[in-house]
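Architecture at a glance
These are the residues of each chain, in order.
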Amino acid sequence: MPKGTIMTEIGIRSIGTSVPKKILTNADLEKMVETTDEWIVSRTGIKERRVLGPDEKLRPHVVAAAKTALERAGLQGKDAGFIISSTVISDRFCPAQSYEIAHDLGTERALAFDLNAACSGMIYGLGIAESLLQTRDLAWGLVTAAEQMTTATDYTDRAGCILFGDGAAAVVVTKERPMHRLLATELGSIPRRRSPDRRRQRPFGRTDEKLLVPAERIDRDEIRRPDHAGPLRARPPQGRGRHQGRPLRHPPPSQPAHPRRRGQRSSRAGGIHLGHRE
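Basis of the calculations
- Numbers given for residues are sequential positions, taken from 1 along each chain in its written order.
- Side-chain atom pairs in this predicted model are given and counted only at pLDDT of 80 or more, local residue features only at pLDDT of at least 70, and totals for whole chains, interfaces and linings cover all residues.
- Note that the side-chain values use all heavy atoms of the structure and ignore hydrogens as well as water.
- The salt bridge criterion pairs a side-chain nitrogen of Lys or Arg with a carboxyl oxygen of Asp or Glu, the two atoms within 4 Å.
- The helix and strand labels rest on DSSP assignments: H or I over at least four residues marks a helix, E over at least two residues marks a strand, and numbering proceeds from the N terminus.
- With a 1.4 Å probe rolled over the protein chains alone, any residue whose accessible area is under 20% of its type maximum counts as buried; one over 50% counts as exposed, and the rest are partly exposed.
- Only heavy atoms enter the contact rule, under which two residues are in contact if any of them lie within 4.5 Å.
- A pair of Phe, Tyr and Trp rings is counted when the ring centres sit within 6.5 Å of each other, with Trp represented by its six-membered ring. The angle between the planes then sorts it: under 30 degrees is stacked, over 60 is edge-to-face, the rest tilted.
- We count a charge as sitting over a ring when the NZ of a lysine or the CZ of an arginine lies within 6 Å of the ring centre and within 35 degrees of the ring normal.
- Fitted lines through C-alpha atoms serve as axes, helices being fitted only where they are in contact, and the angles separating the N-to-C directions of these axes extend from 0 to 180 degrees.
- Should an angle fall under 35 degrees it is called roughly parallel, over 145 degrees roughly antiparallel, and 65 to 115 degrees roughly perpendicular, with every other angle called oblique.
- Here is the rule for handedness: rotate from the far helix to the near one, and if that takes an anticlockwise turn smaller than a right angle the crossing is left-handed, while a clockwise turn gives right-handed.
- We call Asp, Glu, Lys and Arg charged. Ala, Val, Leu, Ile, Met, Phe, Trp, Tyr, Cys and Pro are nonpolar, and the rest, Gly among them, are polar.

So, about the pattern of salt bridges. According to the stated counting rule, one finds six salt bridges in the structure shown. The shortest N-O distance in the salt bridge between R59 and E100 comes to 3.8 Å. Placement of the pair is R59 in helix α3 (residues 59–73) and E100 in helix α4 (residues 97–105), with a sequence separation of 41 residues. Residue classification places E100 among the buried positions, given a relative accessible area of 7%.

Structure follows, in structure tokens:
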């Protein structure tokens, strides 16, 4: 960087959140799987998580979180320069969740796109927002993170089902006197080699079975919610030929192997350092 260059102060102006009313406590999970409140709290610190109702959607929550952040910042949604929406499971895959937020906020000509980085989604969103504000003629924008993970959680697996809930958060990121300045961002993806004596790890489920989520929007009527007895599962997608209607544990010979080398998986990681303005 040239000597004497002045870096723009970029950071968070305000935060908004929205969660469902329904609460799933550790005591509730004790009735569903072999676990205890002490076991969960000692390993995760979690005592309860929020769960969307059978007819409840994620979109109203992420929009409510965004409106709260805007109100606290004294800004109007129509003036947002960008909307970055981090989500793994939105109400639908297309149009993007960020477009739905822009529509509901009355945003005019905002740059909008979705980001799928799972647990690191908000951190990735803040890192990208910082770059946009440094390189483009934009004053501020929104970064949201919203998930409905309970629709894809295996409630027979005590190692995974204790972690996930539903909800939304939003932050206003600006270069006009932010309250919490972004001091540094670090993003990365780390391939990890599995131990040869361990089975392949699968997301949201046990190591010996795969939970399949349909490519279309998840049908809540075909998913068994936590307030029903038994495991919560999404129906498997329909395949073809002899694999129709069954999970594919291994690809058939006609399908190419995964492009990553065998024995490896990747995980995203990142970090954000904040500074508070007095």
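The subject of this paragraph is α4. Burial in α4 covers these residues: Q97, S98, E100, I101, A102 and L105. Looking at the buried residues of α4, the elements they touch are α3, β4 (82–86), β5 (111–115) and β6 (140–148). Just downstream of α4, G106 is the residue with a positive phi angle, here 70°.

The step from C94 to P95 runs through a cis peptide bond, and the omega angle for that step is 0°. As for its placement among the helices and strands, P95 is situated in the loop between β4 and α4. Positive phi, normally seen in glycine, also occurs at R109, with a value near 60°. Inspection of the secondary structure puts R109 in the loop between α4 and β5. A positive phi is found at R177, a non-glycine position, where the angle reads about 50°. Note on placement: R177 falls in the loop between β7 (166–174) and β8 (180–193).

With that settled, the discussion passes to the packing of aromatic side chains. Within this structure, the stated rule accounts for zero aromatic pairs. Lying across the ring of W39, R158 places its NZ or CZ 4.4 Å from the centre.

With that settled, the discussion passes to the packing of α3 against α4. Helix packing geometry: the angle between the two helix axes and the distance between the axes. The interhelical angle for the contact between α3 and α4, taken along N-to-C directions, is 55°, at an axis separation of 10 Å. Classified by the angle between their axes, α3 and α4 sit oblique to one another. The two elements α3 and α4 cross, and the hand of that crossing is right-handed. Seen from α3, the contacting residues are R59, V62, V63, A66, K67 and L70; seen from α4, they are Q97, E100, I101, H103, D104 and L105. Of the residues that constitute the contact of α3 with α4, the class distribution is six nonpolar, two polar and four charged.

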